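# Fold and geometry: a report
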2 protein chains.
Amino acid sequence: MRIGAIEAGGTKFICGVGNEQGEILERISFPTEAPETTLEQAVTFFRDKGVEAIGIGSFGPIDLDRSSPAYGRVTTTPKPGWAGFDFVGYMKRFFPVPVGFDTDVNAAVFGEAKWGAAQGLDSCVYYTIGTGVGVGVYAEGKLVHGLVHPEGGHVLTRRHPEDPFKGVCPFHGDCLEGMASGPAIEKRWGVKGSELPDDHQAWEMEAFYLAQALSGVILLLSPKKVILGGGVMHQKQLFPLVRKLVARNLNGYVVAPDILDEMDNYIVPPGLGDNAGLCGALALGIEAAK
Amino acid sequence: MRIGAIEAGGTKFICGVGNEQGEILERISFPTEAPETTLEQAVTFFRDKGVEAIGIGSFGPIDLDRSSPAYGRVTTTPKPGWAGFDFVGYMKRFFPVPVGFDTDVNAAVFGEAKWGAAQGLDSCVYYTIGTGVGVGVYAEGKLVHGLVHPEGGHVLTRRHPEDPFKGVCPFHGDCLEGMASGPAIEKRWGVKGSELPDDHQAWEMEAFYLAQALSGVILLLSPKKVILGGGVMHQKQLFPLVRKLVARNLNGYVVAPDILDEMDNYIVPPGLGDNAGLCGALALGIEAAK
């Protein structure tokens, strides 16, 4: 079976064709522009591929409520042309096949649960820390949607005692995304994170914010794996810092060997690396085909 | 069908017999002492009731992993005699019927989803704010367990700018439970919350902490209903204060009519009142019987 996959990011689209084993057989990528301009390229790519289903992991917010007249649409984004755009409907016009649709981060967590770091587990959370901060939640073997869908990048955190930075979130100022996203790091220190040395104070501060969010999600959901992806997490020195601070925050309260003894194997990078999103979209397509 | 229900609290046990309509037909309550002493009374109560299943909502931490040799046990509690006690095994020795077992707060959220404020919804969260702070999570039609089970009462929150109180949590000091539980209110103000006037500053401060936790859970899980129960929430003046501060924290970010326009119907007291826990245990028993 050949399945189409779309990782629809806010700045970049990646389209791929894969199989049920999670292998991506070919792919293409292009910038996210107005919806028709962008999706025309996707349609051209998929045209002769004979896909039997398509999975889409999309930037949001999106409407995931199957009983809603707006199901399959991007909703309130400021991105030109995308607010209200019928993403699923557009693809279905060209490809009359089952289409799976979820957030980009839910796709990533689903891919990781199927073929990645959380393979075989029935719960995990996936954080992407990059231009923004997003969270995908997989619990009891299901992707969590609820009223809208998780937006856990915007939780409030305590301020680092040596951090006077105001935060970059237009909604909340100093929420997690406001303090720990790539743009927050760049604005706070005046250079891109990738230009800061590994032992710069920036990373301890970054870990401080991430660890608070992770402690919160571990207490609230008790996930079986916590996966941290996105551009900022290419800074591998963050992982030991985050693990240490999560352990300090929890202070032995959650009695589970995975957390007390196996933290290095509990808070981890994506098993699929930067393919988590695209493989996750593939997994959504496979689900849709069922 | 007659089903047994046990709401096993840290200070009080409530046993009841009910039916599939969620009606409690009779009940008894007694203090929580050593396990055998306590459960002997439960066994005596249920002996001639002809129950076809039993549901237990228990104080924790407890082992809910059906593949674990410790399934059905209370685990690391400091409560004398209970650490490691085989709760489910004990009941099954006397009553060879299906036994449902979950946390007290998961029982409550399940009861509310079946017959209470979240009836018919596939997601909601239930907070109990009393001697401690506990959280039950129901997502995509399932009770969330994960690695252990939710312990969302211990998330970190920002400190109220006028609050110098150190907090009462022995693990985390000023976590949510440390700052917002009944004992925290009593220690901060020198009198029990029930003796403070409705317009006392204590309630604005209490709402400040609760609203942070709720904003976090709304962002992370997007629940379809948020239910606040427990002794502290008998202070009904807290509800409008909490709703106002949640709206302020979210600042319009989560675009859902339930939150933007219907907050009074979104953050609510338990529909089952103080019966949420017992009815929830009944619901667990009904599930086990299936």
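Our subject is the structure that appears above.
Scope of this entry: the structure provided in the associated data block. Each residue is numbered by its place in its chain's sequence as written, counting from 1. Starting at A for chains and at 1 for ligands, labels are handed out in the order in which the entities are written. Selection of residues for local features in this predicted model requires a pLDDT of at least 70, selection of side-chain atom pairs for listing and counting requires 80 or more, and totals for whole chains, interfaces and linings are taken over all residues. No hydrogens and no water enter the side-chain calculation; it runs on all heavy atoms of the structure.

Residues and elements named next belong to chain B. Relative accessibility decides the category of a residue: with a 1.4 Å probe and only protein chains considered, values under 20% of the type maximum give buried, values over 50% give exposed, and everything between is partly exposed. In this text, helices come from DSSP runs of H or I with a minimum length of four residues, and strands from runs of E with a minimum of two, each type numbered from the N-terminal end. Burial within strand 7 (residues 133-139) is extensive, with seven of its seven residues counted as buried. Residues V133, V135, V137 and A139 line one face of strand 7 and the alternating positions G134, G136 and Y138 line the opposite face, and both faces are buried. Between any two strands, at least two bridges found by DSSP are needed for them to pair. Inspection of the sheet shows strand 7 paired to strand 8 (residues 142-143) by two bridges, in the antiparallel sense. Among the inter-strand pairings, A139 is bridged to a residue of strand 8, identified as K142.

Below, the discussion takes up the relation of the copies chain A and chain B. There are two copies of the chain, and a rotation about an axis plus a shift along that axis relates them. Superposition of the copies used a least-squares fit over C-alpha atoms from residues whose pLDDT is at least 70 in both. With an axial shift of 0.0 Å and an RMSD of 0.0 Å, the rotation relating chain A to chain B amounts to 180°. Interpreted geometrically, this transformation is the action of a two-fold axis. Of every C-alpha in chain A, the one belonging to R158 of chain A sits nearest the axis of rotation, 2.6 Å from it. Every residue pair with non-hydrogen atoms within 4.5 Å of one another is taken to be in contact. Of the residues that chain A buries at the interface, 100% are likewise interface residues in chain B, meaning the two copies contact each other through the same surface.

Okay, the pattern of salt bridges next. Should a side-chain nitrogen of Lys or Arg be within 4 Å of a carboxyl oxygen of Asp or Glu, the pair is scored as a salt bridge. For the coordinates displayed, the defined rule picks out 19 salt bridges over all chains. When the shortest N-O distance is used, the salt bridge between R2 of chain B and E26 of chain B registers 3.6 Å. In this pair, R2 of chain B is assigned in the segment before strand 1 (3-8) and E26 of chain B in strand 3 (residues 24-31), connecting sequence segments 24 residues apart. A salt bridge links K49 of chain B to E26 of chain B, with the shortest nitrogen-to-oxygen separation between them at 4.0 Å. Within this pair, whereas K49 of chain B is found in the loop between helix 1 (35-46) and strand 4 (53-58), its partner E26 of chain B is found in strand 3, the two being separated by 23 residues in sequence. When its relative accessible area of 17% is taken as the criterion, K49 of chain B is described as buried. A single network of salt bridges, built from pairs that share partners, joins R158 of chain A together with R159 and D174 of chain B.

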